[in-house]
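Okay, here's what each chain looks like letter by letter:
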Amino acid sequence: MSNKSEVRVRFAPSPTGDLHVGNIRTALFDWAYARHTGGKLIFRIEDTDTERVTDQYIQAAIDTLKWLGLNWDEGPEVGGEYGPYLQSQRLEIYATWAQKFLDQGDAYHCYCSAEELEERRSAQMKNNQAPGYDGKCRDLSAEQVSQYKSLGRKPVVRMRMPDGETVFVDAIRGEVKFEHKYVPDFVLARADGSPLYTLAVAVDDVLMKITHVLRGEDLLSSTPRQIRVYQAMGVAESEYPIFAHLPFVMGQDNAKLSKRNGEVSIAWYREQGFLPEAICNYLALLGWSPGDDKENITMQELVDLFTVERVNSSPARFDMKKLEAINGDKIRALTLDKFLEWSLPFLINAKVITGNPQEIEVVKSALPIIQERIIKLAEIPAMLKFLFVKDFKVEAEELGKLTDEASQNVLKVALAKVEPLQSWDHAGIEAVLRSALIDELGLKPRIAFSALRIAVTGSHISPPLFESLELLGKERSIARIKAVISK
Ligand code: GLU
């Protein structure tokens, strides 16, 4: 889609909270486009809303991108030729442009108070008119201005929207047209001089030489206002960035994505043990496809295959099951060392282990037996806890399942069979238990092994039983079986 020599694409969040799925999908597409084209990714923090954007959220946004592996070429921590990349450090630049627009007559001072605006807005609504600024202060006389001033009113700076329409070609949606009667004169700077989004974003896109704006569809309607700012800055139409508005991400029920229908905050996914490559892989499929039915892709494949032409314009639906399936696949694809590296923080945070070398060895030997079964890393502590608890005890709720005669019988027979075993490996344990419980007693495996599983791991959900017994060791296994056999 590009005829610009060097691609410069930006990710420009306003971190008013943790970055959410929608932000990250945008960041990912920005990154993939920059990497695919060999261009630059500019990371800009839009923090002019000082009441809602905090340092903590800015830092969290930086950390999240790093964690996901979405590196940037210019922006916080790395700097760059067109910085600073925090809008709060560029306020003078915006003020200078706002003044220039006033001087040129593109913008004007508006003295309407919030109450007056609200009153007129309600009246518009009542009369079935599109709500929006009515142009009251467009052409104030010097007299009116001094009257307002004598009342102590401080003006905002408002952009004059000419009659007509704005037409541009969106790289995903094709030609998009906005009639200006629906784009009222808009505020560029507040009475205290601070800039609004539309001013800051447009000025920065021009000054940072942005060639492509890939961002969420929710910002489509702000495009004609941004284009108006470019015009006032004297930018030729051929120099406008190319816009590509990415489709909405909806929740599982087609409603707006929320905690209820698909969790929004990336911090949550991280806590649950979704791997960054799984999140990126899955989010890449929200509105884009690699071209065939392939769903499991690597970051490199994403870079190789990513084009804006393959981005769809219809809303994408978030599907937690699919994300989980991809996460499971990515976990299975980890080398043992990588899997260990990812698992340890979860085990340590859950206080299952302290992280000493001996424990790490045990974890390492246990991981292969759970790698096939888990979907999220957060499942690991519960699965491996039985190997580390000091005073092991089956909780009352599970213990109740072991008191019936049939279970007691299984436990006694099993004990009698494993106790004499000379070597303690899962194949040998399995062989004697199968022959005694399944072949001789004629029990169904689920019934035969569930009592034993609860006895040694404390839960009816655990890693594979025979491997668990092997890992636990003979002494502890036998002690645990004995402890639940009624005297
Ligand atoms: N800062 C804006 C936001 O987070 C996005 C800016 C843009 O991509 O144009 O909503």
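Computed from a predicted model, the values in this text were never measured in an experiment.

Some remarks on the site of the ligand
Consideration 1: As a matter of local geometry, the ligand sits amid Arg10, Ala12, Pro13, Ser14, Glu46, Tyr197, Val201, Arg215 and Leu219.
Consideration 2: Ser14 places a polar side-chain atom, nitrogen or oxygen, 2.8 Å from a nitrogen atom of the ligand.
Consideration 3: Separating an oxygen atom of the ligand from a side-chain N or O atom of Tyr197 is a distance of 2.8 Å.
Consideration 4: For the ligand, whose unbound accessible area comes to 300 Å², protein coverage reaches 82%.

Points about the sheet that holds strand S3 (residues 107-110)
Consideration 1: Spatially, the three strands line up as an open sheet ordered S3-S4-S7, and their pairing is antiparallel. The open sheet terminates on both sides in strands that have one partner only, identified here as S3 and strand S7 (186-189). With strand direction ignored, the average angle separating the axes of adjacent strands in the sheet is 45°.
Consideration 2: In terms of strand pairing, S3 meets strand S4 (residues 156-159) through four bridges, oriented antiparallel. Counted as the bridge partner of His109 is Val157 from S4.

Regarding the UniProt feature "short sequence motif: 'HIGH' region" (unreviewed entry) in the chain
Consideration 1: Mapped onto this structure's residue numbering, the UniProt feature "short sequence motif: 'HIGH' region" (unreviewed entry) falls at residues 13-23.
Consideration 2: A distance of 7 Å separates the end C-alpha atoms of residues 13-23, which is 27% helix and 0% strand.

A short note on the UniProt feature "binding site: ATP" (unreviewed entry) in the chain
Consideration 1: Using the residue numbers shown here, the UniProt feature "binding site: ATP" (unreviewed entry) corresponds to Lys259.
Consideration 2: Looking at the element boundaries, Lys259 is found in the loop between strand S10 (249-250) and helix H8 (266-272).
Consideration 3: Accessibility expressed as a relative area gives 60% for Lys259, which makes it exposed.

Things to note about the packing of aromatic side chains
Consideration 1: Under the definition given, this model contains 16 aromatic pairs.
Consideration 2: With centroids separated by 5.4 Å and ring planes inclined at 85°, the aromatic side chains of Tyr282 and Phe318 adopt a geometry described as edge-to-face. A residue pair is termed long-range when its members are at least 10 positions apart, and Tyr282 in helix H9 (residues 276-284) and Phe318 in the loop between strand S11 (316-317) and helix H11 (320-332) qualify at 36 residues. Exposure class is identical for Tyr282 and Phe318. Each is buried.
Consideration 3: Here a set of aromatic residues connected by ring pairs shows up, and it is made of Trp268, Tyr269, Phe274, Tyr282 and Phe318.
Consideration 4: Seen from the ring of Phe392, Arg480 lies directly overhead, with NZ or CZ sitting 3.8 Å from the centre.

Section: the nonpolar core
Generally speaking, a soluble globular protein has its nonpolar side chains buried in company with each other.
Consideration 1: Membership of the largest hydrophobic core comes to 108 residues, with the highest contact counts inside it found for Phe306, Phe318, Leu384 and Leu433.
Consideration 2: Per-element accounting of this core gives the leading share, nine residues, to helix H1 (residues 21-37).
Consideration 3: Those residues in contact with Phe306 that lie beyond four places of it in its chain are Phe29, Ala32, Tyr33, His36, Leu214, Trp288 and Val311.

Some remarks on the pattern of salt bridges
Consideration 1: In total, this model carries 27 salt bridges according to the counting rule given.
Consideration 2: Residues Asp73 and Arg35 are paired through a salt bridge, measuring 3.0 Å at the closest nitrogen-oxygen approach. In this pair, Asp73 is assigned in the loop between helix H2 (55-68) and helix H3 (91-104) and Arg35 in helix H1, connecting sequence segments 38 residues apart.
Consideration 3: We classify Asp73 as partly exposed; its relative accessible area is 30%.
Consideration 4: Asp106 is the salt-bridge partner of Arg228, the closest N and O atoms lying 3.0 Å from each other.

How each quantity is defined
- Residues numbered from 1 in each chain as written.
- Predicted model: local features only at pLDDT ≥ 70, side-chain atom pairs only at ≥ 80, totals over all residues.
- Heavy atoms only, no water.
- Near = heavy atom within 4 Å.
- Polar contact = N/O pair within 3.5 Å; in protein donor to acceptor, adjacent residues only side chain to side chain.
- Areas by Shrake-Rupley, 256 points an atom, 1.4 Å probe, with all protein chains shown as cover.
- Pairing = 2+ DSSP bridges.
- Helix = DSSP H or I, 4+ residues; strand = E, 2+ residues; numbered from the N terminus.
- Axes fitted to C-alpha atoms, helices over the stretch in contact; angles between N-to-C directions.
- UniProt positions renumbered as here; feature names shortened; annotations may be inferred.
- Buried < 20%, exposed > 50% of the residue type's maximum accessible area, 1.4 Å probe, protein only.
- Phe/Tyr/Trp six-rings, centres within 6.5 Å; stacked < 30°, edge-to-face > 60°.
- Lys NZ or Arg CZ within 6 Å of the ring centre and 35° of its normal.
- Core = buried A, V, L, I, M, F, W, Y, C linked by side-chain atoms within 4.5 Å.
- Contact = heavy atoms within 4.5 Å.
- Salt bridge = Lys/Arg side-chain N within 4 Å of Asp/Glu carboxyl O.

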